[in-house]
Amino acid sequence: MAQKDETRGELVVFSLVKSAVCTECGLELEPHDFMKLEDQKPLCMDCADLGALLYLPSGNTALTRRARLHSKLSPIVLRFSRTRKRYERQGVLVEAAALEQAEIDCAADEGERAEARKKAAVSREKLDVKFVTGFAEAVAKRYPGCPNDQAQLIAEHACQKHSGRVGRSAAAKQFESNAVDLAVRAHIRHVHTRYDDLLQKGWDRNEARSKVISEVDKVAAKWQSGK
Ligand SMILES: [Zn+2]
């Protein structure tokens with residue numbers, strides 16, 4: 001396997017024109033759903049490790065620029081125009097916290113900033129509190145060394161994923177140790193390693209994962225031991 005260079009250009013996802021099926025989980029993707037191509041095969045956003053990102057349509061240049069600046073991952077969204085017969089840029093996907101920060105940055109005066117902060121707080125409140133608390137407790141039990149604020153973030157992300165998948169997996173299953181391990185490891189990969197930077201540079205998931213796996217193991221072991 002050839003050594004890949006780290007500058008392969010920008011990460012791109014597609015807004016679907018036709019329906020497709022995720023090659024990894026079998027999820028049916030409908031027109032306008034997002035899809036990443038890996039080895040010419042479609043992947044849903046969750047399988048591509050881009051499931052936590054929010055869509056920011058083109059239009060507000062300052063907001064887009066600031067959100068991308070704050071976001072480690074910011075794939076461009078392209079969509080094929082049948083009339084113009086070419087791919088056109090629709091917007092970008094960014095991390096929720098990055099978009100929140102960018103909205104606050106863009107609010108011109110202090111009054112507007114307070115309003116933007118309030119809006120962000122309200123959208124966080126929409127999370128299922130019972131689920132988040134339960135999941136955070138499950139994380140703390142298995143990973144006593146995991147800092148509280150990070151257990152909270154892990155739980156909030158699991159909750160977003162869970163609510164997007166109602167009917168696909170039973171809620172009770174979400175608290176099993178395997179689900180907790182997966183969520184914790186995904187968080188470590190995302191926050192404590194260069195994984196997202198590598199994805200942004202166009203590495204494929206498997207290569208990027210094996211590059212950071214020892215770092216993930218190290219942090220997970222530390223959290224598990226409680227030291
Ligand atoms: Zn999938």
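Residues numbered from 1 in each chain as written. Predicted model: local features only at pLDDT ≥ 70, side-chain atom pairs only at ≥ 80, totals over all residues. Heavy atoms only, no water.

Caption draft 1: Representation of the pairing of strand S8 (residues 86–95) within the structure. Relative to S8, strand S6 (residues 53–57) runs antiparallel, the two sharing five bridges. In the strand pairing of S8, Leu54 is matched with Val94. Here six bridges tie strand S7 (residues 76–81) to S8, and the two strands are oriented antiparallel to one another. Looking at S8, one finds that Arg79 is bridged to Glu88. Hairpin remark: S7 followed by S8, antiparallel, with four residues in the connecting loop; positive phi at Lys85, about 55 degrees. (Pairing = 2+ DSSP bridges. Helix = DSSP H or I, 4+ residues; strand = E, 2+ residues; numbered from the N terminus.)

Caption draft 2: Examining the confidence of the model for the protein chain more closely. Here the protein chain averages 86 in pLDDT, while 86% of its residues score no lower than 70. Counting interchain partners and residues more than four positions distant, the pLDDT-below-50 stretch residues 1–7 has eight contacts. (pLDDT = per-residue confidence, 0-100. Contact = heavy atoms within 4.5 Å.)

Caption draft 3: Just the nonpolar core, in detail. Core analysis: the biggest nonpolar cluster contains 56 residues, and Leu50, Phe135, Val139, Ile154, Val184 and Trp223 have the highest contact counts within it. With residues near it in sequence (within four places) discarded, Val139 still touches Cys146, Ala151, Ile154, Val180 and Val184. (Core = buried A, V, L, I, M, F, W, Y, C linked by side-chain atoms within 4.5 Å. Buried < 20%, exposed > 50% of the residue type's maximum accessible area, 1.4 Å probe, protein only.)

Caption draft 4: Seen up close, the side chain of Lys36. Tracing the sequence through the fold places Lys36 in strand S4 (residues 34–38). Setting aside its immediate chain neighbours within four residues, Lys36 contacts Leu11, Val12, Val13, Lys41, Pro42, Leu43, Met45, Ala48, Leu50 and Trp203.

Caption draft 5: The sheet that holds S4, seen in detail. Sheet architecture is open: six strands sit in the order S5-S4-S1-S7-S8-S6, paired in mixed fashion. Bordering the open sheet on either side are strand S5 (41–43) and S6, each of which pairs with just one other strand. This sheet shows a mean twist of 40 degrees between the axes of neighbouring strands, independent of strand direction. Together, S6, S7 and S8 form the strand contacts of helix H1 (residues 61–70), whose direction differs from that of S8 by roughly 55 degrees. (Axes fitted to C-alpha atoms, helices over the stretch in contact; angles between N-to-C directions.)

Caption draft 6: Quick peek at the coordination of the zinc ion. Taken together, the protein ligands of the zinc ion are Cys22 (SG), Cys25 (SG), Cys44 (SG) and Cys47 (SG), with distances of 2.3 Å. Its four donor atoms give the zinc ion angles of 103 to 115 degrees at the centre, a pattern that matches the tetrahedral case. (Donors = N, O, S within 2.8 Å, 3.2 Å for Na, K, Ca; no water. Tetrahedral: all angles 85-135°; square planar, octahedral: opposite > 155°, others 65-115°.)

Caption draft 7: Up close: the environment of Cys146. With respect to the element layout, Cys146 can be found in the loop between helix H4 (129–142) and helix H5 (148–163). Cys146 gets classed as buried once you look at its relative accessible area, which sits at 6%. For Cys146, the contacting residues outside a window of four places in its chain are Val139, Ala151, Ile154 and Trp223.

Caption draft 8: Focus on the packing of aromatic side chains. The full count for this structure, using the stated rule, is four aromatic pairs. Residues Phe80 and Tyr87 carry aromatic rings whose centres are separated by 5.1 Å and whose planes lie at 65 degrees to one another, so their mutual orientation is edge-to-face. Directly above the ring of Tyr195 sits Arg189, whose terminal nitrogen or CZ lies 5.2 Å from the centroid. (Phe/Tyr/Trp six-rings, centres within 6.5 Å; stacked < 30°, edge-to-face > 60°. Lys NZ or Arg CZ within 6 Å of the ring centre and 35° of its normal.)

Caption draft 9: How the structure looks around the pattern of salt bridges. Following the criterion strictly, the structure yields nine salt bridges and no others. Lys36 serves as the salt-bridge partner of Glu38, at 3.7 Å between the closest nitrogen and oxygen. An identical accessibility class is assigned to Glu38 and Lys36; each is buried. Ionic pairing is found between Arg209 and Asp49, a salt bridge with its closest N-O pair at 2.8 Å. Of this pair, Arg209 sits in helix H8 (residues 205–225) while Asp49 sits in the loop between S5 and S6, and the two are 160 residues apart along the sequence. Judged by relative accessible area, which is 30%, Arg209 ranks as partly exposed. Overall, Asp49 belongs to the partly exposed group, its relative accessible area being 23%. One network of salt bridges, in which partners are shared, links Glu24, Lys36, Glu38 and Arg205. (Salt bridge = Lys/Arg side-chain N within 4 Å of Asp/Glu carboxyl O.)

Caption draft 10: Just the packing of helix H6 (residues 177–192) against H8, in detail. H8 packs onto H6 with a crossing angle of 115 degrees between their chain directions and a minimal axis gap of 9 Å. Considering their axes alone, H6 and H8 lie roughly perpendicular with respect to each other. In this structure, H6 meets H8 at a crossing whose hand is right-handed. Where H6 approaches H8, its residues Val184, Arg185, His187, Ile188, Arg189 and His192 are matched on the opposing element by Arg209, Val212, Ile213, Glu215, Val216, Asp217, Val219, Ala220 and Trp223. Among the residues forming the contact of H6 with H8, the class breakdown is eight nonpolar, two polar and five charged. (Parallel < 35°, antiparallel > 145°, perpendicular 65-115°, else oblique. Left-handed = near helix turned anticlockwise from the far one by under 90°. Nonpolar A, V, L, I, M, F, W, Y, C, P; charged D, E, K, R; others polar.)

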